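Take a look at the letters that make up each chain.
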Amino acid sequence: MIKVGVLGARGRVGVEVCKAVEAASDLELVAAIDKDDPIEGLEGAEVVVDFTHPDVVMGNLEWAIAHGIHPVVGTTGFDAARLDAVRDWLASSPGTNCLIAPNFGIAAVLMMHFAQQAARHFDSVEIIELHHPNKADAPSGTARRTAELVAEARAKAGVGPMPDATSAELDGARGADVDGVRVHAVRLAGLIAHQEVLLGGGGETLTIRHDTMDRAAFTPGVLLGVRRVGELPGLTVGLERLLDL
Ligand SMILES: NC(=O)C1=CN([C@@H]2O[C@H](COP(=O)(O)OP(=O)(O)OC[C@H]3O[C@@H](n4cnc5c(N)ncnc54)[C@H](OP(=O)(O)O)[C@@H]3O)[C@@H](O)[C@H]2O)C=CC1
Ligand SMILES: O=C(O)C1=N[C@H](C(=O)O)C[C@H](O)C1
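The model shown is predicted, which means the values in this text are computed figures rather than measured ones. (Residues numbered from 1 in each chain as written. Chains lettered and ligands numbered in written order. Predicted model: local features only at pLDDT ≥ 70, side-chain atom pairs only at ≥ 80, totals over all residues. Heavy atoms only, no water.)

### A word on the UniProt feature "binding site: NADP(+)" (unreviewed entry) in the protein chain
- Residues given the UniProt feature "binding site: NADP(+)" (unreviewed entry) here are Lys35.
- Residue position: lysine 35 is located in the loop between strand 2 (27-33) and strand 3 (47-50).
- Since its relative accessible area comes to 66%, lysine 35 is described here as exposed. (UniProt positions renumbered as here; feature names shortened; annotations may be inferred. Helix = DSSP H or I, 4+ residues; strand = E, 2+ residues; numbered from the N terminus. Buried < 20%, exposed > 50% of the residue type's maximum accessible area, 1.4 Å probe, protein only.)

### Some thoughts on helix 3 (residues 80-91)
- Relative to the 16 Å expected for twelve residues at 1.5 Å per residue, helix 3 spans 16 Å between its end C-alpha atoms, a close match to the ideal helical length.
- Residues of helix 3 that are buried include every one of Leu83, Val86 and Leu90, and no others. Around the axis of helix 3, the buried residues are gathered within 55° of arc, so they sit on the same side. For helix 3, exposure combined with an orientation more than 90 degrees from the buried face picks out Ala81, Asp88 and Ala91.
- Here the buried face of helix 3 lies against helix 2 (57-66), strand 5 (98-100) and strand 11 (235-237). (Expected span 1.5 Å × (residues − 1). Arc of directions from axis to C-beta. Contact = heavy atoms within 4.5 Å.)

### Overview of the sheet that holds strand 1 (residues 2-7)
- Read across the open sheet, the six strands follow the order 2-1-3-4-5-11; overall the sheet is parallel. Each end of this open sheet is capped by a strand with a single partner; those strands are strand 2 and strand 11. If you compare each strand with its neighbour and ignore which way they point, the axes differ by 20° on average.
- Of the strand pairs in this sheet, strand 3 and strand 4 (residues 70-73) are connected by four bridges, and their pairing is parallel. For valine 47, the partnering residue across the bridge sits in strand 4 and is histidine 70.
- Sheet strands touched by helix 3: strand 5 and strand 11. Its angle to strand 11, the strand with the most contacts, is close to 150°. (Pairing = 2+ DSSP bridges. Axes fitted to C-alpha atoms, helices over the stretch in contact; angles between N-to-C directions.)

### Some words on the nonpolar core
- Core analysis: the largest hydrophobic core is formed by 26 residues, its most contacted members being Val17, Val49, Val72, Phe104 and Val226.
- Of all elements in the fold, only strand 1, helix 1 (12-23), strand 3 and helix 6 (219-228) reach the threshold of two or more residues within this core.
- Take this core: its biggest share by element is five residues, from helix 1.
- The contacts of valine 72, once residues within four sequence positions are left out, are Val47, Val48, Val49, Asp50, Leu99, Phe104, Val222, Gly225, Val226 and Val229. (Core = buried A, V, L, I, M, F, W, Y, C linked by side-chain atoms within 4.5 Å.)

### Looking at the layout of surface pockets
- Size it by volume and the largest pocket reaches roughly 990 Å³.
- Lining the largest pocket we find 41 residues, and of these Arg12, Val13, Phe51, Thr52 and His53 sit closest to its centre.
- Elements with a minimum of two residues in the lining of the largest pocket: helix 1, helix 5 (141-157) and strand 9 (193-201).
- Broken down by element, the residue count for the lining of the largest pocket peaks at three residues, all from strand 9.
- For the lining of the largest pocket, a count of residues per class yields 15 nonpolar, 18 polar and eight charged. (1 Å grid on protein atoms, 1.4 Å probe; cavity = no way out; pocket = protein on both sides within 12 Å on 5 of 7 lines; lining within 4 Å. Points joined across faces, edges and corners; volume = space filled by probe spheres on them. Nonpolar A, V, L, I, M, F, W, Y, C, P; charged D, E, K, R; others polar.)

### Observations concerning the pattern of salt bridges
- Counted by the stated rule, this structure contains 15 salt bridges.
- A salt bridge links arginine 10 to aspartate 37; the shortest N-O distance between them is 3.6 Å. Linking arginine 10 in the loop between strand 1 and helix 1 with aspartate 37 in the loop between strand 2 and strand 3, this pair joins segments that are 27 residues apart in sequence.
- Arginine 145 is paired through a salt bridge with glutamate 148; the nearest N and O atoms lie 3.8 Å apart. Of this pair, arginine 145 and glutamate 148 both sit in helix 5, three residues apart, roughly one helical turn. (Salt bridge = Lys/Arg side-chain N within 4 Å of Asp/Glu carboxyl O.)

Right, dumping it as structure tokens:
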């Protein structure tokens, strides 16, 4: 049995994670912690799952890693500086590992992977992410990561900059620039989490679309991370490593 703690246990995703852990015969839910509960309640956990908020996740990770608990992190808002800080904490706590994935949905990970594969074959790539209006960060962690993977694939293949003649622009009209890839964020009541990667060139376009219909979709990926994080040395970013992609 792996002893699991959940941070953000009463949140939209945390509730689903707690249910999934309780239903798994090889996992034991030893702590379900939310805002204002003492983090010390995690003592005794081997793995902690974090679905909280970009403003608090770094404090949670510093505490968990210092206490030798492997974090599996869904909370978004990670940039290179934050990842470096996590690497430093892990270096001071040998034997403790951490998995951070911007999206634990298997179909979402495949969407990112397909976008990365397709990116070098087209002149242009843009990303539109669409989420519920309670989301704190924009663009989404998934969109940022997709843009990074697309940019990396194009740079590796020696593909030049994308065509764009825009010379007069209302602020924000062309979206955010993530490593040269334009990312547009929509916040709309009624949505959960959705993304389109638009690729175009040579008289044709390809659209890769992913839709999350239910937050339970994140739990198989989270449980996979919980079961495997102990054997992944140091920091792992993205679930793709665990899916043999
Ligand atoms: N990687 C992935 O696959 C996915 C990632 N996410 C990300 O996960 C995060 C959470 O999303 P979501 O569940 O929708 O958000 P919610 O706001 O529904 O849930 C977050 C929960 O964490 C609580 N919380 C706040 N601070 C702390 C703290 N210090 N310790 C413990 N709990 C705390 C919140 O309490 P309160 O409401 O009182 O502040 C809330 O109950 C976001 O960053 C989101 O982008 C979401 C879906 C999938
Ligand atoms: O906040 C959300 O809801 C989600 N956040 C993650 C992100 O920022 O990519 C994953 C998914 O899109 C849902």
